Each structure stands twice: as C-alpha cells, then as structure tokens.
Amino acid sequence: MPKKLFFNWKMNPTSSFQATNLFEEVIKSSKSLSVHVVVCPPFVYLPLVCEMSKKTNIKIGSQDISTQDSGSLTSEISGPMLVDLGCQYSIIGHSETREINHLTNQDVNKKIRHCLQSKLTPIFCIGYQEDKTTTDINHTELSEQIQQGLQDIRLEDDQIIYLAYEPVWAIGTGKTADNSIIVEVTKFILQELKMLGLNSKTKILYGGSVDDQSVVELMKIEEIDGFLIGGASLKPEKFSRIIGIVSSN
Ligand code: 13P
C-alpha cells in the first residue's frame, strides 16, 4: 500500500492569498498521481481549502476539535461544523496543542469520542521528549497516552483511527527518529492497541522532520502507513518531491 501523507500547516500561512497559492501547489503536485493527501490548515482557511478541494482527490482535516456539538464553549469548533464544511479528518492531541491548551489524556479521549460521533476520522497524536534511542523509549508514557486517550473507544464498521507517533524532539528540528526506534515503538503501539481491541482498525503514522530527504529512508518502514508532515508541507519544492517519492513506491 502506498504511504499516506498528512500535511499539518500548523499556524501557517498568514493570509487567504498565501493559503490559496499553497493549496494550488498541493493540487498541482498531486494531480494524476495515486497518492492519498490530507491537508490540515488553520481553522480560518478551512472554508477556502474545502471549497478548492472539491474537484480534487485531496481530503481536508482540522487541527483540533471540541468535545460537544454546540453550546457555551467560546472559541471552540465542533464536529458538525467541520463536517458541514466538508472536512473528513481532525488532528487530536498534537504535542503542541497538548502543551498550549494543557490537554490531559482524558481531554484527548473526549475529543476523539466527539470526532468519531461526528463521523470524522481522528488523527490521534502521541509522543514525548526523550526517546532518542531504542533503549530510552518511555513505554510507560506511551502506554498512558494510548490507553487513556483511547479508553472505551468503540468503532463502527466503517471507522478507523490514524495514530501518529511524533517524538517531540524530532518535530521541527531537522532530526528524524531512526527507523529502528520507529519500528520498535510501532510494535509496542500495536500491542497496546491489541489490549484495546483496536489493532486492526488503527493505522500508524510517523511525524517529525519528514522532508524530501528523510522520507527516502523512512519509506523503508513497512510497519507504518504514512507520515504527518509539518514544515515540509509549507514548501512546494519539498512536498512535491515527497509526493513523487511516495506515489512511485
Ligand atoms: P515537522 O515536519 O515540521 O517536524 O512537524 C511535524 C509535526 O509536528 C506534524 O504534525
């Protein structure tokens, strides 16, 4: 199966004009290639990119989601609002969002439930600071994030979860985790998912400094289904090469 690509624009770009140009480049780079691309822009550009995506194969996701359909939750954006725009995915529990909003694993769990109830596919992020070699993988922390984040989650037949493993030290640093760590952690994640009965319905992604260079080595990891990409998703020359590499494998 070709690896899937998820582009997290984070808090970029800073105008509708730039967002339009950037999305046009994604359309151009992926046109007529068999590649699964999901773009997750800031909330304010969702109407724009959802509209632009209509005649393409590119799917759209949000970078966060609330826990309720509607109500007195100033600043929050709910699942029905995202579905109404045409979104199909939502990033949940990104390490940056966890830190900025002081999210607990229980908060992440509520968001995943709401996401699934809204018929959106969650891109559930886990990861922490220390795991630079296979010997210092923090199994306890990973296990807590998975077990608490996915506690009592039940999936309908047509639902799946994407679980993105993003070591915090690798995000935006140009340093990618070694394949050996990613394989080791992926095996551990699958064991944890098995305890929850979710192993066959969860796809695993890697994120952290994936670019047009590092992707060549990372492509060799059979255990993962795709990549969650930040910085390189803002640079057309980089993401067009990534799309080319992924689609030709
Ligand atoms: P970078 O690709 O910039 O390291 O970001 C990874 C990430 O956080 C994607 O969600």
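Calculation criteria
The numbers attached to residues start from 1 for each chain and follow its sequence in the written order. Only residues with pLDDT of 70 or above have their local features reported here, since the model is predicted, and side-chain atom pairs are shown and tallied only from 80 upward, although totals for entire chains, interfaces and linings are computed over all residues. Working from all heavy atoms in the structure, the side-chain values ignore hydrogens and water. Only protein atoms enter the 1 Å grid used here. Points where a 1.4 Å probe fits but cannot escape make up a cavity, open sets with protein on both sides within 12 Å along at least five of seven lines make up a pocket, and a residue lines them when an atom lies within 4 Å of a point. Grid points are joined across faces, edges and corners, and a volume is the space filled by probe spheres set on the points. Secondary structure is summarised from DSSP: a helix means a run of H or I of at least four residues, a strand means a run of E of at least two, and numbering begins at the N terminus for each. When residues are grouped by polarity, Ala, Val, Leu, Ile, Met, Phe, Trp, Tyr, Cys and Pro land in nonpolar, Asp, Glu, Lys and Arg in charged, and all others, Gly among them, in polar. What makes two strands pair is DSSP finding at least two bridges between them. To obtain an axis, a line is fitted to C-alpha atoms, over the contacting stretch when the element is a helix, and the angle between two such axes runs from 0 to 180 degrees between their N-to-C directions. By the convention used here, residues are in contact when the closest approach between their heavy atoms is within 4.5 Å. Each Phe, Tyr or Trp ring, with Trp reduced to its six-membered ring, pairs with another whose centre is within 6.5 Å; inter-plane angles below 30 degrees give stacked pairs, above 60 give edge-to-face pairs, and intermediate values give tilted ones. Each residue is assigned to one of three classes by its accessible area relative to the maximum for its type, calculated with a 1.4 Å probe on protein chains only: buried under 20%, partly exposed between the two thresholds, exposed over 50%.

Colleague: With reference to specific residues and values, describe the layout of surface pockets.
Modeller: Of the pockets and cavities examined, the largest pocket occupies roughly 490 Å³. What lines the largest pocket is a set of 19 residues, and nearest its centre among them are F43, Q63, D64, T97 and N101. The element that contributes the greatest number of residues to the lining of the largest pocket is helix α4 (residues 95–100), accounting for 3 residues. Residue composition of the lining of the largest pocket, by class: 7 nonpolar, 7 polar and 5 charged.

Colleague: Describe the sheet that holds strand β7 (residues 202–207), listing the residues and the values that go with them.
Modeller: Strand-to-strand pairing in sheets goes through backbone hydrogen bonds, with the strands running parallel or antiparallel. Pairing in this closed barrel of 8 strands is parallel, and the strands run β1-β2-β3-β4-β5-β6-β7-β8 around the ring. Sheet twist, expressed as the average angle between the axes of neighbouring strands with direction ignored, equals 25°. Relative to strand β6 (residues 161–165), strand β5 (residues 121–126) is paired through 4 bridges, and the arrangement is parallel. Each residue of the ladder has a partner; that of F124, found in β6, is L163. Across the sheet, helix α5 (residues 105–117) touches β4 (89–92) and β5, and the angle it forms with β5 is around 160°. Docked against the sheet, helix α6 (residues 139–149) engages β5 and β6, running at close to 155° with respect to β5.

Colleague: Pulling in residues and values, what's your account of the packing of aromatic side chains?
Modeller: A full pass over the atoms with the stated rule returns 5 aromatic pairs. On the basis of an interplanar angle of 55° and a centroid distance of 4.9 Å, the ring pair of F6 and Y162 is categorised as tilted. Taken together, the residues span a long stretch of sequence, with F6 in strand β1 (residues 4–8) and Y162 in strand β6 at a distance of 156 residues. Summarising the burial analysis for this pair, F6 and Y162 share the class buried. Taking 5.5 Å as the distance between ring centres and 50° as the angle between the ring planes, the aromatic pair formed by F7 and F239 counts as tilted. Here F7, found in strand β1, pairs with F239, found in helix α9 (residues 236–247); they are 232 residues apart in sequence, far enough to count as distant.

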